[in-house]
Amino acid sequence: PQIPSSRKATITRACFVGIAFGAAAFFDEAVVMAARETPAIVKVFFQDLTEFTEPTNLLSAIATILVLTTLFAFVVRRTLASAFAKLLGFVLVSGVFALLVAIIAKVSIGRARPTTLTVPAMFFFSPFSFSRAFESFPSAQAALSGAVCYCIVSRLPGWRGTAFGMMVLIGLSRIVTEQHWPTDVLGGCILGWLCAAIISPLFFKHPSLTHKPQSDI
């Protein structure tokens, strides 16, 4: 008997999901295994980077600069400083939003961190355990860097190379220090990008700071 087209479609989707899942698992294991062979001096660099860009540190720095820039706007160069303060506000709100969504997601999903490369560790999930050991997906730090990257790319296109480079380095730091699987980092970056895109219309009408006129800044 001929298989119905709806059943064929279901089987095709199931096969695709299975292949994608297997490929992601192989990719995760291979990259983390390679990261464990990273030279010590490189690991030290990424360890310092991942500590410096911890969400609390990064958001505190952005908030501090925002306050100082806002005060400066009222004292000296109001127009330029106000534009910069608005951009920083966009970055701060987007970052906080992305961080909150990432935290809720990782607690709900409960994926184990890459403390070991055995299959149970890679595929073990413990939702709502409220244990840091099971808060791997998505990476909150990657989500924050993705949000910041979107803010810079969308408002200052000339800095897109720097923004993407920053996001990649932060993502690598989470992998090299074995805090996250590569798919955790990828998922976090995408999540942060989407969160910032949602926040963007609340701050700006135009796509970038280079848009003319700039009356909305």
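Scroll up to find the structure.
Notes on the structure follow. Since the model is a prediction, treat every value here as computed from it, not as a measurement. (Residues numbered from 1 in each chain as written. Predicted model: local features only at pLDDT ≥ 70, side-chain atom pairs only at ≥ 80, totals over all residues. Heavy atoms only, no water.)

1. Describing the state of the cysteines
So, step 1. Following the criterion strictly, the structure yields zero disulfides and no others.
So, step 2. Cysteine Cys-151 remains unbridged, with the sulfur of Cys-149 as its closest cysteine sulfur at 9.1 Å.
So, step 3. This cysteine, Cys-189, is not joined by any disulfide, and Cys-149 carries the nearest cysteine sulfur, 8.0 Å off.
So, step 4. Judged by its relative accessible area of 13%, Cys-189 falls in the buried class. (Disulfide = S-S within 2.5 Å. Buried < 20%, exposed > 50% of the residue type's maximum accessible area, 1.4 Å probe, protein only.)

2. A word on the packing of helix H6 (residues 140–155) against helix H8 (residues 182–203)
A pair of packed helices is captured by two measures, namely the crossing angle of their axes and the spacing between those axes.
So, step 1. Here H6 crosses H8 at 45°, and the two axes come no closer than 6 Å. Judged by the inter-axis angle, H6 sits oblique to H8. Handedness of the crossing formed by H6 with H8: right-handed. Counted together, Ala-142, Ala-143, Ser-145, Gly-146, Ala-147, Cys-149, Tyr-150, Cys-151 and Val-153 of H6 and Val-185, Gly-188, Cys-189, Gly-192, Trp-193, Ala-196, Ala-197 and Ser-200 of H8 form the full contact between these two elements.
So, step 2. Here the residues of the contact of H6 with H8 are counted per class, giving twelve nonpolar, five polar and no charged. (Axes fitted to C-alpha atoms, helices over the stretch in contact; angles between N-to-C directions. Helix = DSSP H or I, 4+ residues; strand = E, 2+ residues; numbered from the N terminus. Parallel < 35°, antiparallel > 145°, perpendicular 65-115°, else oblique. Left-handed = near helix turned anticlockwise from the far one by under 90°. Contact = heavy atoms within 4.5 Å. Nonpolar A, V, L, I, M, F, W, Y, C, P; charged D, E, K, R; others polar.)

3. Some remarks on helix H2 (residues 40–52)
So, step 1. Here H2 spans 18 Å end to end across 13 residues, near enough to the 18 Å set by a 1.5 Å rise per residue.
So, step 2. Turning to H2, its buried residues are Phe-46, Leu-49 and Thr-50. On an axial view of H2, the arc spanned by its buried residues comes to 95°, and they lie on one face. Exposed and facing more than 90 degrees away from the buried side of H2 are Ala-40, Ile-41 and Phe-52.
So, step 3. Residues of H2 that are buried in the fold lie against H6 and helix H7 (160–176). (Expected span 1.5 Å × (residues − 1). Arc of directions from axis to C-beta.)

4. Examining unusual backbone geometry
Trans peptide bonds make up the majority, and among non-glycine residues the majority have a negative phi.
So, step 1. The step from Phe-137 to Pro-138 runs through a cis peptide bond, and the omega angle for that step is -5°.
So, step 2. As for its position among the elements, Pro-138 is in the loop between helix H5 (119–123) and H6.
So, step 3. One non-glycine residue, Phe-128, lies in the positive phi region at around 55°.
So, step 4. Of note in this structure, Phe-130 is not a glycine but carries a positive phi near 55°.
So, step 5. Looking at the secondary structure, you find Phe-130 in the loop between H5 and H6.

5. Digging into a nonpolar patch on the surface
So, step 1. Taken together, the side chains of Phe-45, Val-168, Leu-169 and Leu-172 define a hydrophobic patch exposed on the protein surface, amounting to about 340 Å² of accessible area.
So, step 2. Sorting elements by how many residues they give to the nonpolar patch places H7 first, with three residues.
So, step 3. On the secondary structure map, Leu-172 appears in helix H7. (Patch = residues over 30% accessible without salt bridge, like charges linked within 9 Å, V, L, I, M, F, W, Y side chains within 5 Å. Areas by Shrake-Rupley, 256 points an atom, 1.4 Å probe, with all protein chains shown as cover. Salt bridge = Lys/Arg side-chain N within 4 Å of Asp/Glu carboxyl O.)

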